[in-house]
Amino acid sequence: MKIRRPRLPRTRTGRRRLVQGVMAGCVLALLPSTWLYVSTAGRLHSVADVPRTDVAVVFGAGLWDGEPSPYLANRLTAAAELYKEGRIKVVLVTGDNSRKDYDEPDAMRTYLTRHGVPARRIVSDYAGFDTWDSCVRAKKIFGVNRAVLISQGFHIRRAVALCEAAGVTSYGIGVDAKHDVTWYYGGTREVFAAAKAALDVAFEPNPQFLGEKEPGVANALAAARP
(Lines give C-alpha, C1' and ligand atoms only; values in the text may rest on other atoms or scores of the structure.)
Protein backbone atom coordinates (compact mmCIF):
# COMPACT_ATOMS: atom_id res chain seq x y z
CA MET A 1 0.00 0.00 0.00
CA LYS A 2 1.51 3.27 -1.12
CA ILE A 3 1.56 6.25 1.20
CA ARG A 4 0.60 9.44 -0.57
CA ARG A 5 2.71 12.47 0.05
CA PRO A 6 0.83 15.63 0.99
CA ARG A 7 0.58 17.88 -2.02
CA LEU A 8 1.46 21.54 -1.87
CA PRO A 9 -1.02 23.99 -3.36
CA ARG A 10 -0.36 24.63 -7.05
CA THR A 11 -1.68 28.18 -7.21
CA ARG A 12 -0.02 31.28 -5.81
CA THR A 13 -3.10 32.02 -3.71
CA GLY A 14 -3.10 28.52 -2.27
CA ARG A 15 0.58 28.73 -1.34
CA ARG A 16 0.06 32.14 0.24
CA ARG A 17 -2.80 30.79 2.34
CA LEU A 18 -0.67 27.83 3.41
CA VAL A 19 2.14 30.14 4.56
CA GLN A 20 -0.35 32.35 6.38
CA GLY A 21 -1.83 29.33 8.10
CA VAL A 22 1.57 28.09 9.23
CA MET A 23 2.51 31.55 10.52
CA ALA A 24 -0.79 31.85 12.40
CA GLY A 25 -0.20 28.44 13.98
CA CYS A 26 3.28 29.47 15.12
CA VAL A 27 1.95 32.69 16.65
CA LEU A 28 -0.78 30.83 18.52
CA ALA A 29 1.73 28.25 19.77
CA LEU A 30 3.99 30.98 21.16
CA LEU A 31 1.25 33.07 22.80
CA PRO A 32 1.34 31.14 26.12
CA SER A 33 5.13 31.53 26.36
CA THR A 34 4.78 35.26 25.67
CA TRP A 35 2.16 35.49 28.41
CA LEU A 36 4.58 33.86 30.87
CA TYR A 37 7.32 36.39 30.09
CA VAL A 38 4.98 39.38 30.34
CA SER A 39 3.17 38.24 33.49
CA THR A 40 6.38 37.52 35.42
CA ALA A 41 8.26 40.69 34.51
CA GLY A 42 10.06 42.04 37.58
CA ARG A 43 9.42 38.87 39.58
CA LEU A 44 12.74 37.09 38.96
CA HIS A 45 15.72 37.57 41.26
CA SER A 46 18.99 36.03 42.35
CA VAL A 47 19.79 34.50 45.73
CA ALA A 48 21.56 37.75 46.61
CA ASP A 49 18.74 40.20 45.88
CA VAL A 50 15.48 38.29 46.36
CA PRO A 51 13.16 39.99 48.90
CA ARG A 52 13.22 38.55 52.41
CA THR A 53 10.29 36.16 52.65
CA ASP A 54 9.16 33.74 55.35
CA VAL A 55 8.72 30.76 53.02
CA ALA A 56 10.65 29.28 50.11
CA VAL A 57 9.06 26.66 47.88
CA VAL A 58 11.35 24.14 46.17
CA PHE A 59 9.80 22.09 43.36
CA GLY A 60 10.81 18.47 42.80
CA ALA A 61 12.99 17.64 39.81
CA GLY A 62 13.55 13.90 39.97
CA LEU A 63 15.66 11.44 41.95
CA TRP A 64 18.68 9.41 40.90
CA ASP A 65 18.99 6.21 42.93
CA GLY A 66 16.97 7.81 45.72
CA GLU A 67 19.06 10.98 45.80
CA PRO A 68 18.13 14.40 44.35
CA SER A 69 19.08 14.74 40.70
CA PRO A 70 21.74 17.37 39.93
CA TYR A 71 19.02 19.80 38.90
CA LEU A 72 17.10 19.26 42.13
CA ALA A 73 20.30 19.45 44.19
CA ASN A 74 21.01 22.90 42.73
CA ARG A 75 17.55 24.07 43.77
CA LEU A 76 17.99 22.74 47.29
CA THR A 77 21.46 24.26 47.61
CA ALA A 78 19.98 27.67 46.77
CA ALA A 79 17.29 27.18 49.43
CA ALA A 80 19.91 26.23 52.02
CA GLU A 81 21.91 29.33 51.13
CA LEU A 82 18.85 31.55 51.55
CA TYR A 83 18.19 30.02 54.95
CA LYS A 84 21.76 30.48 56.16
CA GLU A 85 21.68 34.13 55.07
CA GLY A 86 18.44 34.69 57.00
CA ARG A 87 16.44 35.57 53.89
CA ILE A 88 13.85 32.82 54.53
CA LYS A 89 12.62 31.02 57.65
CA VAL A 90 10.90 27.88 56.31
CA VAL A 91 11.34 25.67 53.26
CA LEU A 92 8.33 23.92 51.73
CA VAL A 93 9.54 21.00 49.61
CA THR A 94 6.94 19.81 47.13
CA GLY A 95 7.25 16.71 44.99
CA ASP A 96 6.03 13.29 43.97
CA ASN A 97 5.41 10.49 46.45
CA SER A 98 2.80 8.62 44.43
CA ARG A 99 4.43 5.25 45.13
CA LYS A 100 6.36 3.76 48.06
CA ASP A 101 9.67 3.42 46.23
CA TYR A 102 9.74 7.05 45.03
CA ASP A 103 9.74 9.84 47.61
CA GLU A 104 10.97 13.22 46.40
CA PRO A 105 10.02 15.26 49.50
CA ASP A 106 11.87 13.02 51.96
CA ALA A 107 14.96 12.98 49.75
CA MET A 108 14.76 16.78 49.57
CA ARG A 109 14.38 17.06 53.33
CA THR A 110 17.43 14.84 53.90
CA TYR A 111 19.52 16.91 51.49
CA LEU A 112 18.54 20.17 53.21
CA THR A 113 19.33 18.88 56.70
CA ARG A 114 22.76 17.76 55.45
CA HIS A 115 23.31 21.32 54.25
CA GLY A 116 22.43 23.07 57.46
CA VAL A 117 18.67 23.57 57.42
CA PRO A 118 17.06 22.30 60.65
CA ALA A 119 14.42 19.61 60.12
CA ARG A 120 11.89 21.68 62.09
CA ARG A 121 12.15 24.40 59.42
CA ILE A 122 11.31 22.03 56.55
CA VAL A 123 7.72 21.17 55.58
CA SER A 124 6.92 18.41 53.10
CA ASP A 125 4.19 18.34 50.48
CA TYR A 126 3.92 14.76 49.24
CA ALA A 127 1.33 15.48 46.53
CA GLY A 128 3.11 18.06 44.39
CA PHE A 129 2.56 16.06 41.23
CA ASP A 130 2.95 19.04 38.91
CA THR A 131 3.57 22.77 39.20
CA TRP A 132 -0.10 23.77 39.34
CA ASP A 133 -0.85 21.20 42.03
CA SER A 134 2.13 22.41 44.09
CA CYS A 135 1.04 26.05 43.84
CA VAL A 136 -2.61 25.41 44.70
CA ARG A 137 -1.66 23.15 47.61
CA ALA A 138 0.84 25.72 48.91
CA LYS A 139 -2.03 28.19 49.16
CA LYS A 140 -5.02 26.04 50.11
CA ILE A 141 -3.40 23.29 52.18
CA PHE A 142 -0.37 24.96 53.74
CA GLY A 143 -1.66 28.54 53.93
CA VAL A 144 1.26 30.14 52.08
CA ASN A 145 0.43 33.67 50.95
CA ARG A 146 3.89 34.88 49.91
CA ALA A 147 6.91 32.85 48.87
CA VAL A 148 10.23 32.63 47.09
CA LEU A 149 10.04 29.94 44.42
CA ILE A 150 13.19 28.05 43.45
CA SER A 151 13.66 26.17 40.20
CA GLN A 152 15.75 26.24 37.02
CA GLY A 153 15.57 29.21 34.68
CA PHE A 154 13.58 27.37 32.01
CA HIS A 155 10.82 26.53 34.54
CA ILE A 156 10.75 29.42 36.99
CA ARG A 157 8.55 31.80 34.99
CA ARG A 158 5.83 29.17 34.73
CA ALA A 159 6.10 28.45 38.45
CA VAL A 160 5.76 32.14 39.33
CA ALA A 161 2.82 32.67 36.98
CA LEU A 162 0.95 29.64 38.29
CA CYS A 163 1.55 30.42 41.95
CA GLU A 164 0.44 34.01 41.40
CA ALA A 165 -2.73 32.67 39.78
CA ALA A 166 -3.23 30.35 42.76
CA GLY A 167 -3.08 33.33 45.15
CA VAL A 168 0.56 33.18 46.29
CA THR A 169 2.54 36.40 45.88
CA SER A 170 5.70 34.98 44.35
CA TYR A 171 9.32 35.85 43.62
CA GLY A 172 11.34 33.47 41.50
CA ILE A 173 14.94 32.35 41.61
CA GLY A 174 16.15 30.56 38.50
CA VAL A 175 19.25 28.67 39.61
CA ASP A 176 22.11 27.91 37.24
CA ALA A 177 22.09 24.67 35.30
CA LYS A 178 24.53 22.96 32.97
CA HIS A 179 23.35 23.26 29.38
CA ASP A 180 23.17 19.54 28.77
CA VAL A 181 20.56 17.34 27.11
CA THR A 182 18.24 17.71 30.12
CA TRP A 183 18.46 21.50 29.93
CA TYR A 184 17.58 21.59 26.23
CA TYR A 185 14.77 19.09 26.79
CA GLY A 186 13.42 21.20 29.64
CA GLY A 187 13.51 24.36 27.57
CA THR A 188 11.71 22.69 24.67
CA ARG A 189 9.16 21.11 26.99
CA GLU A 190 8.31 24.51 28.44
CA VAL A 191 6.86 25.65 25.12
CA PHE A 192 4.19 22.97 25.45
CA ALA A 193 3.93 23.28 29.24
CA ALA A 194 3.15 26.98 28.84
CA ALA A 195 -0.04 26.04 26.98
CA LYS A 196 -1.09 23.76 29.84
CA ALA A 197 -0.29 26.54 32.31
CA ALA A 198 -2.58 28.91 30.44
CA LEU A 199 -5.37 26.33 30.62
CA ASP A 200 -4.72 25.78 34.34
CA VAL A 201 -5.06 29.51 34.98
CA ALA A 202 -8.17 29.76 32.83
CA PHE A 203 -10.06 26.78 34.29
CA GLU A 204 -8.41 26.44 37.76
CA PRO A 205 -8.72 22.64 38.02
CA ASN A 206 -8.47 21.01 41.42
CA PRO A 207 -5.16 19.29 42.17
CA GLN A 208 -4.95 15.54 41.71
CA PHE A 209 -5.05 15.30 45.50
CA LEU A 210 -6.14 18.15 47.74
CA GLY A 211 -6.99 16.81 51.18
CA GLU A 212 -7.33 18.72 54.43
CA LYS A 213 -5.40 21.78 55.56
CA GLU A 214 -2.05 21.14 57.19
CA PRO A 215 -0.50 23.42 59.86
CA GLY A 216 3.11 22.55 59.05
CA VAL A 217 4.14 25.92 57.64
CA ALA A 218 2.34 27.91 60.35
CA ASN A 219 3.88 25.76 63.09
CA ALA A 220 7.36 26.09 61.60
CA LEU A 221 7.01 29.86 61.37
CA ALA A 222 5.76 30.05 64.96
CA ALA A 223 8.80 28.09 66.10
CA ALA A 224 11.06 30.45 64.18
CA ARG A 225 9.86 33.52 66.07
CA PRO A 226 12.19 34.71 68.85
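A quick note: this is a predicted structure, and the numbers were derived from the prediction, not measured. (Residues numbered from 1 in each chain as written. Predicted model: local features only at pLDDT ≥ 70, side-chain atom pairs only at ≥ 80, totals over all residues. Heavy atoms only, no water.)

(A) Looking closely at the nonpolar core. Among the nonpolar cores identified, the biggest contains 28 residues, and Val58, Leu76, Leu82, Val91, Leu112 and Ile150 are the most heavily contacted of them. Residue assignment for this core shows that the elements contributing at least two residues are β2 (55–59), α2 (70–84), β5 (90–94), α3 (104–114), β7 (146–152) and β8 (169–175). Broken down by element, the residue count for this core peaks at eight residues, all from α2. Residues in contact with Ile150, not counting those within four places in the same chain, are Ala56, Val57, Val58, Phe59, Arg75, Ala78, Ala79, Leu82, Ile156, Ile173 and Val175. Core analysis: the next-biggest nonpolar cluster, separate from the first, contains 26 residues, Leu92, Val136, Val144 and Leu221 among them. (Core = buried A, V, L, I, M, F, W, Y, C linked by side-chain atoms within 4.5 Å. Buried < 20%, exposed > 50% of the residue type's maximum accessible area, 1.4 Å probe, protein only. Helix = DSSP H or I, 4+ residues; strand = E, 2+ residues; numbered from the N terminus. Contact = heavy atoms within 4.5 Å.)

(B) Representation of the packing of helix α4 (residues 131–140) against helix α5 (residues 153–165). Interaxial distance between α4 and α5 falls to 9 Å at its minimum, and their mutual angle equals 40 degrees. Relative to α5, the element α4 is oriented oblique. Every pair of crossing elements has a handedness; the one defined by α4 and α5 is right-handed. Contacts between α4 and α5 involve Thr131, Trp132 and Cys135 from the former and His155, Arg158, Ala159, Leu162, Cys163 and Ala165 from the latter. (Axes fitted to C-alpha atoms, helices over the stretch in contact; angles between N-to-C directions. Parallel < 35°, antiparallel > 145°, perpendicular 65-115°, else oblique. Left-handed = near helix turned anticlockwise from the far one by under 90°.)

(C) Structural detail: the state of the cysteines. All chains considered together, the criterion is met by one disulfide. One disulfide bridge connects Cys135 with Cys163, the sulfur atoms lying 2.2 Å from each other. On the sign convention where negative is left-handed, the bridge of Cys135 and Cys163, at about -85 degrees about the S-S bond, is left-handed. Taken as a pair, Cys135 in helix α4 and Cys163 in helix α5 lie far apart in primary sequence, 28 residues in all. The exposure class of Cys135 is buried, given its relative accessible area of 0%. What makes Cys163 buried here is its relative accessible area of 2%. (Disulfide = S-S within 2.5 Å.)

(D) Layout of the pattern of salt bridges. By the definition in use, this model includes seven salt bridges. Asp125 serves as the salt-bridge partner of Arg137, at 2.8 Å between the closest nitrogen and oxygen. Note that Arg137 is positioned in helix α4 and Asp125 in strand β6 (residues 122–125), a separation of 12 residues in sequence. As far as the burial class goes, Arg137 and Asp125 line up, both buried. In this structure, Lys196 and Asp130 form a salt bridge, with 3.4 Å as the shortest nitrogen-oxygen distance. One end of the pair, Lys196, is in helix α6 (residues 181–203); the other, Asp130, is in the loop between β6 and α4, with 66 residues separating them in the sequence. By relative accessible area, which is 41% here, Lys196 ends up partly exposed. (Salt bridge = Lys/Arg side-chain N within 4 Å of Asp/Glu carboxyl O.)

(E) The packing of aromatic side chains, seen in detail. Under the defined criterion, the tally for this structure stands at one aromatic pair. Judged by centre distance (6.2 Å) and plane angle (45 degrees), the rings of Tyr71 and Phe154 are tilted. Here the residue Tyr71 occupies a position in helix α2, and Phe154 occupies one in helix α5, the gap between them amounting to 83 residues. Looking at Tyr71, the relative accessible area reads 10%, which means it is buried. (Phe/Tyr/Trp six-rings, centres within 6.5 Å; stacked < 30°, edge-to-face > 60°.)

(F) Local environment of the side chain of Ser134. Looking at where Ser134 falls in the secondary structure, it is placed in helix α4. Within the structure, the side chain of Ser134 is placed 2.7 Å from the side chain of Thr94, a separation counted as a polar contact. Setting aside anything within four residues of it in sequence, one finds Ser134 in contact with Phe59, Thr94, Asp125 and Gly128. (Polar contact = N/O pair within 3.5 Å; in protein donor to acceptor, adjacent residues only side chain to side chain.)

(G) Representation of the side chain of Asp103 within the structure. Looking at the element boundaries, Asp103 is found in the loop between β5 and α3. Put simply, Asp103 is tucked away with no salt bridge, and the nearest opposite charge, on Arg109, sits 8.5 Å away. Reaching out from Asp103, the side chain makes a polar contact with the backbone nitrogen of Asp106 at a distance of 3.1 Å. The contacts of Asp103, once residues within four sequence positions are left out, are Leu63, Asp96, Asn97 and Tyr126. (Lys, Arg positive; Asp, Glu negative; His and termini not counted.)

(H) Just the sheet that holds β6, in detail. Reading across from one edge, β1-β8-β7-β2-β5-β6 is the order of the six strands in this open sheet, with parallel pairing throughout. Each end of this open sheet is capped by a strand with a single partner; those strands are β1 (44–45) and β6. Note: β2 against β5, five bridges, orientation parallel. Paired with Phe59 across the bridge in β5 is Thr94. Contacts from α2 reach β2, β5, β7 and β8, with the element oriented near 145 degrees to β7. The sheet strands contacting α3 are β2, β5 and β6, and the helix crosses β6 at an angle near 165 degrees. (Pairing = 2+ DSSP bridges.)

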